[in-house]
Amino acid sequence: MGGSKTRKYAVIGCTVLMNWIIRNRRLSYIVIFSFALLAVAITIDISSESADINNLSIFSQEEGIIISWSNRFSAKWDGFKLRIEREDKDGECYFYNLSDYENSLLFDKAVVGGCYRFEFLSAGYDAPIITLHHIHLKEEDYPRMDWIKIETENGQLPQENTDGERPYKAASFTYYNADHIPTFSLSGFIKIRGNSTAVGTDKKPYRIKFTQDVSIFSDNHKEYVLLRSGNNLNQIIGSRVAFCCGVAGEPEYRYVNLEINGDYRGCYILTESIEDTFDSISLGLGGFVVEQAPENRQNVKGERTFRTNNQDEFMAWSLYYPKDMISESRQGSINEYLQEIEDAICNNSDDIWQYIDITSFVCWVMAHDILGTSDFYGSNMYVYRERFDEEDTKSGQLKIGPLWDFDSIYDMRNEWSGIHTGDVLHYDLLFERDDFREEYARIWNNVYSYVEEDVLAYMYIEVANNGDLIGSWELDQKRWAYEEGESWNLRYYPPDMGTAWLQISDWMTNRTEWINEHVQEGDFK
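Residues numbered from 1 in each chain as written. Predicted model: local features only at pLDDT ≥ 70, side-chain atom pairs only at ≥ 80, totals over all residues. Heavy atoms only, no water.

Asks: So what exactly am I meant to see when it comes to the overall build of the chain here?
Replies: When helices and strands are counted, the chain shows 14 helices and 19 strands. Residues counted as buried form 53% of the 525 residues belonging to the chain. Sequence separation of at least 24 residues holds for 66% of the intrachain contacts in the chain that already meet a minimum separation of 6. (Helix = DSSP H or I, 4+ residues; strand = E, 2+ residues; numbered from the N terminus. Buried < 20%, exposed > 50% of the residue type's maximum accessible area, 1.4 Å probe, protein only. Contact = heavy atoms within 4.5 Å.)

Structure representation (structure tokens):
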């Protein structure tokens, strides 16, 4: 029996049963049990419709767009349709009866550069059971930028479970250079990553893990991250500001176009994972990295968390690196060490600089100040010791960095960054100290002399080095059909490169002047 008929009869049957329950309440528990079994059967039947369509793929060729699939029960195609609509132009909509095709069809009405939505519709229902998107491009039309093509197991996108877990999905990866020549093909896994950037949008950030090391940047790694913010210049600006301020360990990155199962997913940023950036910091004997983040987020990830006494109620620490080579007793020593540091800050202790590297903490918050970061709960706060001796905890100093996550920059136009004035890392208390303010002013007077000119020059070079960003941005905006109001948002969707350049130039000029005025006046609040 087809799924649509099953649902039709189920609805009728459920209506009859509910009326009967009302009249026969004493026997209702029996019917409720039966009703539950029926619901399970319906669920299985409905889910089987989606499960019957496997290995979906879409790709462009000279004649048009090829849609292919595998279907275990061809009889179930009776009444199923494929609806194809052009998303970047109103009025173009086409329907195909899937029973007329075995496992593929050619859509020969596609226009080069057109963005199309493909919806598999079950019989009698308008809501699609599967939706795919595709921009019709021929190889010569691809923007000259590195391109990653991913084919996932069963042609399905990575998902987040109802309990918040994000399992890896097996996949194959092919990496193309700007001339669209494949440089490597590997198997591996992909999953959704991120916090706010993974919520409320279909353009998800991803973590990818290859089955073997591959050299995309300076070093060989298995794991990389795909950030969804390839349609802005935040990564370029953020990483260069961090460099100018002296923050160590910023990850290498590259703008790429991403395609999953034939679906162009937009312009992304491929970057090293934060774990691998710590390799460049060269942690020595006993060295460690801990992260402060919202505790509920870490619990979902299964992290072993711990807290200090004066920590924000929503936050917790977790050992970030190395995770597999540390005992509970050693983690306890790290916890005690962080508590000593927190006590020294909260008690305004004179020996605080025996615990923390004042320059490192100044440089990190200064970079956030220049960028105008608003988010202090999700600012990816990593602190580390290059070496750590449990018997002599003051033999080295705690440092902070690198900067990671530039999704909330440009927000604090005429005020200090959120982390500067907040208590999440006790910067509010540090800025009450004369020695901390003096160190900030000393470093700022040097950074102020060159940061604006340096960042703008670096932006020009990086835009040129990352291929056809302009063409890729045009494709990205076409794929995701940003509303006009969103597309003019500096932080996320600058409408074009010229506008982005002018907006960032204006930001750097105004922002550095604002900070300089307040530093010279000694106003850090």
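Following the structure, the description resumes.
Asks: I'm lost on the state of the cysteines in this one. Help?
Replies: Two cysteines, two sulfur atoms, one covalent bond between them: this is a disulfide. Summed over the entire model, instances satisfying the criterion amount to zero disulfides. Its sulfur unpaired, Cys-245 is 6.5 Å from the next cysteine sulfur, which belongs to Cys-363. When its relative accessible area of 3% is taken as the criterion, Cys-245 is described as buried. (Disulfide = S-S within 2.5 Å.)

Asks: In this structure, what is going on with the confidence of the model for the chain? I would like to understand it.
Replies: Residues shown with low pLDDT carry predicted positions that ought not to be read at fine detail. When pLDDT is averaged along the chain, the result is 82; 82% of the residues meet or exceed 70. Between residues 25-51, whose pLDDT stays under 50, and residues either more than four places distant or in other chains, the model counts 24 contacts. When the criterion is pLDDT under 50, residues 483-489 qualifies, and its contacts beyond four places in sequence or with other chains add up to 11 contacts. (pLDDT = per-residue confidence, 0-100.)

Asks: What exactly am I supposed to notice about the sheet that holds strand β15 (residues 288-294) here?
Replies: Sheet strands pair by backbone hydrogen bonding; their relative direction is either parallel or antiparallel. With antiparallel pairing, the five strands of this open sheet are ordered in space as β16-β17-β15-β18-β19. In the strand order of this sheet, the two ends are held by β16 (305-306) and β19 (399-400), each with one partner. Relative to strand β17 (residues 315-321), β16 is paired through two bridges, and the arrangement is antiparallel. Residue pairing for β17: Phe-306 is matched across the bridge by Trp-317. Packed onto the sheet, helix α6 (residues 328-346) meets β15, β16, β17 and β18 (381-385) and runs at close to 65° relative to β15. (Pairing = 2+ DSSP bridges. Axes fitted to C-alpha atoms, helices over the stretch in contact; angles between N-to-C directions.)

Asks: What am I meant to see in the packing of helix α7 (residues 358-371) against helix α14 (residues 497-520) here?
Replies: How two helices sit against one another is set out by the angle between their axes and by the gap between those axes. For the pair α7 and α14, interaxial distance at closest approach is 9 Å and the crossing angle is 125°. What the angle tells us is that α7 and α14 run oblique. Along the contact surface, α7 presents Asp-369, Ile-370 and Leu-371, while α14 presents Trp-507, Met-508, Arg-511 and Ile-515. Broken down by class, the residue content of the contact of α7 with α14 amounts to five nonpolar, no polar and two charged. (Parallel < 35°, antiparallel > 145°, perpendicular 65-115°, else oblique. Nonpolar A, V, L, I, M, F, W, Y, C, P; charged D, E, K, R; others polar.)

Asks: Can you walk me through the nonpolar core in this structure?
Replies: In a soluble, globular protein the nonpolar side chains are often hidden away together inside. By size, the foremost hydrophobic cluster in this structure holds 95 residues, and its most contacted members are Leu-233, Ile-237, Ile-370, Tyr-427 and Tyr-440. Sort the elements by how many residues they give to this core and α7 lands first, with 10 residues. Sequence-distant contacts of Tyr-427, defined by excluding residues within four places in its chain, comprise Phe-361, Trp-364, Val-365, Ile-400, Ile-419, His-420, Gly-422 and Phe-436. Core analysis: the second largest hydrophobic core is formed by 22 residues, Phe-173, Phe-184, Ile-216 and Leu-226 among them. (Core = buried A, V, L, I, M, F, W, Y, C linked by side-chain atoms within 4.5 Å.)

Asks: Got a minute to help me understand the pattern of salt bridges in this structure?
Replies: Should their charged atoms come close, side chains of opposite charge can pair. In the structure shown here, the tally under the stated rule is 23 salt bridges. Two residues, Glu-87 and Arg-117, come together in a salt bridge whose shortest N-O distance is 2.9 Å. With a gap of 30 residues between them, Glu-87 in the loop between β3 (81-86) and β4 (93-97) and Arg-117 in strand β6 (residues 115-121) connect regions that are remote in the sequence. Residue classification places Arg-117 among the buried residues on the basis of a relative accessible area of 19%. The network of salt bridges with shared partners includes Arg-83, Glu-85, Glu-87, Arg-117 and Glu-119. (Salt bridge = Lys/Arg side-chain N within 4 Å of Asp/Glu carboxyl O.)

Asks: When you look at the packing of aromatic side chains in this model, what are you seeing that I'm missing?
Replies: Aromatic rings in a pair are described by how distant their centres are and how their planes are angled relative to each other. Under the criterion given, the structure shown has 34 aromatic pairs. Directly above the ring of Tyr-268 sits Lys-203, whose terminal nitrogen or CZ lies 5.1 Å from the centroid. If you follow Arg-479 out to its NZ or CZ, it ends over the ring of Trp-480, 4.1 Å from the centre. (Phe/Tyr/Trp six-rings, centres within 6.5 Å; stacked < 30°, edge-to-face > 60°. Lys NZ or Arg CZ within 6 Å of the ring centre and 35° of its normal.)

Asks: What exactly am I supposed to notice about the pairing of β3 here?
Replies: On a regular strand, each side chain points to the face opposite its neighbour's, so the side chains alternate between the two faces of the sheet. In the sheet, β3 pairs with β4 via five bridges, with the strands oriented antiparallel. Among the inter-strand pairings, Leu-82 is bridged to a residue of β4, identified as Tyr-96. Relative to β6, β3 runs antiparallel, the two sharing six bridges. The residue of β6 that forms the bridge with Glu-85 is Arg-117.

Asks: Looking at this structure, how should I read the packing of helix α3 (residues 234-245) against α7?
Replies: Axis separation between α3 and α7 bottoms out at 9 Å; the angle between their running directions is 140°. When the interaxial angle is binned, α3 and α7 end up oblique. Classified by chirality, the crossing of α7 by α3 is right-handed. Residues Ile-237, Gly-238, Val-241, Ala-242 and Cys-245 of α3 pack against Cys-363, Met-366, Ala-367, Ile-370 and Leu-371 of α7. (Left-handed = near helix turned anticlockwise from the far one by under 90°.)

Asks: Just checking my understanding: could you explain a negative patch on the surface for this structure?
Replies: Together, Glu-513, Glu-517, Glu-521 and Asp-523 line one region of the surface with negative charge. In this fold, Glu-513 is placed in helix α14. (Patch = residues over 30% accessible without salt bridge, like charges linked within 9 Å, V, L, I, M, F, W, Y side chains within 5 Å. Areas by Shrake-Rupley, 256 points an atom, 1.4 Å probe, with all protein chains shown as cover. Lys, Arg positive; Asp, Glu negative; His and termini not counted. Charge placed at Lys NZ, Arg CZ, Asp CG, Glu CD.)

Asks: What is the right way to read α3 from this model?
Replies: Because each turn of an α-helix spans 3.6 residues, side chains separated by three or four positions in sequence point in the same direction. With 12 residues, α3 ought to run about 16 Å at 1.5 Å a step, and its terminal C-alpha atoms sit 16 Å apart, in line with that. With respect to burial, α3 is a largely interior element, 11 of its 12 residues being buried. Along α3, the positions that sit buried rather than exposed are Asn-234, Gln-235, Ile-236, Ile-237, Gly-238, Ser-239, Arg-240, Val-241, Ala-242, Cys-244 and Cys-245. Gly-246 lies just past α3 and shows a positive phi near 90°. (Expected span 1.5 Å × (residues − 1).)

Asks: Hey, could you run me through the environment of Leu-233 in this one?
Replies: With respect to the helices, strands and loops of the structure, Leu-233 is situated in the loop between β12 (220-227) and α3. Considered as a pair, Leu-233 and Val-463 are 230 residues apart in the sequence and their alpha carbons are 8.5 Å apart. Here Leu-233 is in contact with Tyr-255, Met-459, Val-463, Leu-469, Trp-473, Met-497, Ala-500 and Ile-504, once residues within four sequence places are set aside.

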